[in-house]
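Examination of the molecular architecture
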Amino acid sequence: MRLAVLTGGGDVPGLNPCIRSIAMAAWQRGWDVIGLRRGWEGVLETDPTDPWSLENSAMVLDKDAVRGIDRQGGTILHSSRCDPRTTSEGDQTQKVLDILDALKVDALITMGGDGTLRFSAHLASLGRNVISIPKTMDNDVFGTDYCIGFSTAVTRSVAAINALRTTVASHERIAVIELFGRRSGETALLSGFLSQADRTVIAEVPADIDVLLPLLLKDKASNPESYAICLVSEGAKLAGSQTDDGEISKSNTNRVGVNIGTQLAREIEARSPERTIVQELAYLMRAGEPDAMDRMVGFAFGALAVQLIEEGRTSNMVCLEDGNYGVVPIGTLLGGTKGVNVSGLYDAREYRANLVQVEGMPMFLY
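What counts as what
Residues numbered from 1 in each chain as written. Predicted model: local features only at pLDDT ≥ 70, side-chain atom pairs only at ≥ 80, totals over all residues. Heavy atoms only, no water. Helix = DSSP H or I, 4+ residues; strand = E, 2+ residues; numbered from the N terminus. Rg over C-alpha atoms; globule rule 2.2 N^0.38 Å. Buried < 20%, exposed > 50% of the residue type's maximum accessible area, 1.4 Å probe, protein only. Contact = heavy atoms within 4.5 Å. Areas by Shrake-Rupley, 256 points an atom, 1.4 Å probe, with all protein chains shown as cover. Pairing = 2+ DSSP bridges. Axes fitted to C-alpha atoms, helices over the stretch in contact; angles between N-to-C directions. Parallel < 35°, antiparallel > 145°, perpendicular 65-115°, else oblique. Nonpolar A, V, L, I, M, F, W, Y, C, P; charged D, E, K, R; others polar. 1 Å grid on protein atoms, 1.4 Å probe; cavity = no way out; pocket = protein on both sides within 12 Å on 5 of 7 lines; lining within 4 Å. Points joined across faces, edges and corners; volume = space filled by probe spheres on them. Polar contact = N/O pair within 3.5 Å; in protein donor to acceptor, adjacent residues only side chain to side chain. Lys, Arg positive; Asp, Glu negative; His and termini not counted. Salt bridge = Lys/Arg side-chain N within 4 Å of Asp/Glu carboxyl O.

A count of helices and strands for the chain gives twelve helices and 13 strands. Its C-alpha atoms give the chain a radius of gyration of 23 Å, near enough to 21 Å, the size a compact globule of 366 residues would have. If you line up the chain on its principal axes, its C-alpha atoms span 70 × 45 × 35 Å. A total of 366 residues make up the chain; the buried ones form 55% of that total. The contacts of the chain with a sequence gap of at least 6 include a subset with a gap of at least 24, amounting to 73%. Summing over all exposed atoms, the chain offers an accessible surface of approximately 15,800 Å²; the carbon and sulfur share of this is 49%.

Take the sheet that holds strand β10 (residues 316-321) next. The mixed open sheet is built from seven strands, whose spatial order is β3-β2-β1-β4-β5-β10-β11. Each end of this open sheet is capped by a strand with a single partner; those strands are β3 (58-60) and β11 (324-329). Strand-to-strand, the axes of this sheet are offset by a mean angle of 25°, without reference to chain direction. Inspection of the sheet shows β10 paired to β11 by six bridges, in the antiparallel sense. By the bridge assignment, Met-317 is partnered in β11 with Val-328.

The subject of this paragraph is the packing of helix α9 (residues 209-222) against helix α10 (residues 260-271). Orientation of α9 relative to α10, taken along the N-to-C sense of each, is 75°, at an axis distance of 11 Å. Considering their axes alone, α9 and α10 lie roughly perpendicular with respect to each other. Between α9, through Ile-209, Asp-210, Leu-212, Leu-213 and Leu-216, and α10, the contact on the second element is made entirely by Leu-264, Glu-267, Ile-268 and Arg-271. In terms of residue class, the contact of α9 with α10 is built from six nonpolar, no polar and three charged.

Below, the discussion takes up the layout of surface pockets. Its volume calculated, the largest pocket comes out at about 480 Å³. Along its surface, the largest pocket is lined by 23 residues, and Gly-10, Arg-81, Asp-114, Thr-136 and Arg-182 are the ones closest to its centre. Classifying every residue of the lining of the largest pocket by side-chain character gives five nonpolar, eight polar and ten charged. If you add up the space inside the second largest pocket, you get close to 250 Å³. Tyr-146, Phe-150, Ser-151, Val-154, Leu-190, Phe-193, Leu-194, Met-293, Leu-355, Met-363, Phe-364 and Leu-365 together form the lining of the second largest pocket.

A few words on the side chain of Thr-276. Locating Thr-276 in the fold gives a position in strand β9 (residues 276-280). On the basis of relative accessible area, Thr-276 is assigned to the buried category, the value being 10%. In terms of polar contacts, Thr-276 uses its side chain to reach the side chain of Glu-269, at 2.9 Å. With near-sequence residues (within four places) excluded, Thr-276 lies in contact with Arg-173, Ile-174, Ala-265, Ile-268 and Glu-269.

As a further point, take the side chain of Lys-135. Counting through the fold element by element, Lys-135 comes out in the loop between β5 (130-134) and α7 (150-171). In this structure, Lys-135 is buried with no salt-bridge partner, the nearest side chain bearing the opposite charge being Asp-11 at 7.5 Å. Within polar-contact distance, the side chain of Lys-135 engages the backbone oxygen of Gly-10 at 2.5 Å. Residues within four places of Lys-135 in sequence aside, it is in contact with Gly-8, Gly-9, Gly-10, Val-12, Leu-15, Met-111, Gly-112, Gly-113, Cys-147 and Ile-148.

For helix α8 (residues 186-195), the buried fraction is high: eight of the ten residues fall into the buried class. All of the buried residues along α8 are Glu-186, Thr-187, Ala-188, Leu-189, Leu-190, Ser-191, Gly-192 and Ser-195. Note on α8: the residue one or two positions beyond its end, Gln-196, has a positive phi of about 55°.

Here we come to the environment of Glu-234. Of note, Glu-234 is situated in the loop between β8 (228-233) and α10. Taking the C-alpha atoms as reference points, Glu-234 and Pro-214, separated by 20 residues in sequence, lie 22 Å from one another. Those residues within four positions of Glu-234 in sequence are excluded, and the remaining contacts are Glu-178, Leu-179, Phe-180, Gly-181, Arg-182 and Ile-260. A polar atom in the side chain of Glu-234 sits 3.1 Å from the backbone nitrogen of Gly-181. Within the structure, Glu-234 has its side chain in polar contact with the backbone nitrogen of Arg-182 (distance 3.5 Å).

Bear in mind that shape data such as this cannot, by itself, settle questions of function.
Have a look at this one:
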């Protein structure tokens, strides 16, 4: 058996433990295992007729290659955001198949978010032996309660939010802290709840500044240290509202090149005497080594993926469901979208998490 591993999309902590786990499980079965560099983009850059190109597109995952990588963030295989079906040269699926054949790949394990795993499902539909592993700090892959990278992103965010309190309090301001989360506000929601931020604006619910601002002013006034903290998902939007002269505020639209955190801060300063501090946590949320949860899930997902290949159960995605490791068909993620259960977990009137009734709910709340 010759097994190949690929990572695609944004990096997250937990990928390297998963790669190591796959390699160790493969060795135990006497298999060869290689890592395909730079995701699907790296595969497409390979010339299947050139031995040098083939050799350099793949990394032999032997003991020296994966020694100690579980303590590192990111991915030793590097990554890219690429769907071979939508390149400037058109659909390159056949080229991917030709390269996998040239590399003598019997089975493929892909780690990625929605984009990477959609193409993985496409390859499986063509008869290739593929197992997919969900990873994204947004935790928004449909079909699994948990994706590698989510726990570390929340842990990093909570630590950064609490660290920022000293500066925000010293200057008696309103902090607007922007977190990654383009389509799903789950990372912001849990980070806000665990750090006990005053208000959290998620991607799923537009924020009405006429409602949000009075809440923040009340939060600041009631705080003995005279400050307030507002979190916002990068994919959030401000609902249309009016200025005192009846005109729609120009800064109340999501303009290209102006992030939502800056927009919200500008509205706060335009409508009140308060000053703001704006902080994007951005890539710091996914930087550095994985926490204990992402190491555990990375190791478990990797071992499970190899087990499924050994059993001939390809065309599946490993998952966590109700706190249990499991398996779903690889195309499951195509069947829906995953985001915050607003009615059950979020108070849209108060811009706060509503995580009180948790009896009977799974560990990751879905």
